[in-house]
Structures are given as structure tokens and as C-alpha cells.
Amino acid sequence: NPEDWGVFTGLSFWTGLSPRGRLRYDWSTDYGQPLVQSYECEYTLTGVLYVITFSNCVQRVGARPPGLLIHSGRPFSTIDNRNDAFTTSCAALYSGTPWWYDACWSGSINGGGENGGGGFYNGAYWYASGSQWGTPDGLGAGNGWILVS
């Protein structure tokens, strides 16, 4: 039921505003197109670095689990607080976009941004990067939504 979900910004508010501890990531190939991938998990955020952990996940639409799952257990990274596992700062490399980066791309709802990312398109990435617009199996840049409840 869509009314059970809300969109909230500011990680410090997620826990209080999502008493069910559920996160849903929806993805489509472009604006106005139907969802082709959707995944729902229980999640927790812990500590001052907002380490995210996923459990009890269910594929709601599509057949490919999101790259977001590889970031489970990772702290939140920003351009000025690097916590990723890559050789350079993922947030800085991809136009300053914050995320729970492991080794950068997979599952980043923020995409490459307008000002960098090695030619990658500005869009949400379901499971992998690619210098192309999204395909129904989740490759390339599309449109993504994170909802918590």
C-alpha cells in the first residue's frame, strides 16, 4: 500500500520516521515509465556514521537484486567524510553525491551527476554502472526512489 510509505530526507530522521524499519528501492528506466525493479528489506542504521544493514529482503518487481545490497554494512560517505572502500573518494568522484559506498557504483540512487563520473549518465543505478540509459534488467541510468516506513 503506497500510503504506508513516506519519503524522508535527513538520515537522523529515518529511524524515528520509519518505525517498521522497512526500506523499499523502486527503479524504472525513465520518468513516466512503469517500475521494472523493486526491492524491499528490513534495515537498520547504527552509530554516528549511519552504518546501514539490510535483512529479510524480497524482490517485489523484476528479477535482479539491486546493487544496493553490496553496501550493507557500510557507513555513509560524503565528500567531506570519506568512509568508502574504494581507492579514491566515491562521493568526490561522482559529483559530490553522498551514499553508502563500498566500491562506488552499484545501487547508487544518485548516479554520476552532471559534473563527473567518467561519462556516466546522471541517474539512479539499479545494479551496475554503464554509460547508457537504463534497460529493463537494471543496467544503466534510470530513475530510482528510496522509500522508508
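Provided above is the structure to which this section pertains.
Along every chain, residues carry numbers that run from 1 in the direction the sequence is written. For this predicted model, a pLDDT threshold of at least 70 governs which residues receive local features, and a threshold of 80 or more governs which side-chain atom pairs are given and counted, while totals over whole chains, interfaces and linings are taken from all residues. Note that the side-chain values use all heavy atoms of the structure and ignore hydrogens as well as water.

A.B. asks: Would you mind going over the overall build of the chain with me for this structure?
C.D. replies: Strands are runs of DSSP state E lasting at least two residues, helices are runs of H or I lasting at least four, and both sets are numbered from the N terminus onward. Each helix and strand in the chain was counted, giving 2 helices and 6 strands. Element order for the chain, N to C, with α for helix and β for strand: α-β-β-β-α-β-β-β. Between buried and exposed lies partly exposed: a residue is buried under 20% and exposed over 50% of the maximum accessible area for its type, with that area taken using a 1.4 Å probe on protein chains only. For the chain, with 149 residues in total, the buried portion stands at 46%. Working rule for contacts: check all heavy atoms of both residues, and any pair within 4.5 Å makes them a contact. Nonlocal contacts in the chain, meaning residues at least 24 apart in sequence, comprise 44% of its contacts between residues at least 6 apart. Per-residue and other accessible areas were derived by the Shrake-Rupley procedure at a 1.4 Å probe size, with only the shown protein chains allowed to occlude residues. In the form shown here, the chain has an accessible surface area of approximately 7200 Å², with 55% of it arising from carbon and sulfur atoms.

A.B. asks: I keep staring at the pairing of strand S1 (residues 22-28) and nothing clicks. Help me out?
C.D. replies: On a regular strand, one side chain projects to one face of the sheet and the next to the other, so that they alternate. S1 sits mainly inside the fold: 7 of its 7 residues count as buried. Here S1 shows a buried face lined by Arg-22, Arg-24, Asp-26 and Ser-28 and a second buried face lined by Leu-23, Tyr-25 and Trp-27. Should DSSP find at least two bridges between two strands, the strands are taken to pair. Strand direction decides the pairing type here: S1 and strand S6 (residues 139-148), joined by 6 bridges, are antiparallel. In the sheet register, Trp-27 faces S6, and the bridge partner there is Gly-144.

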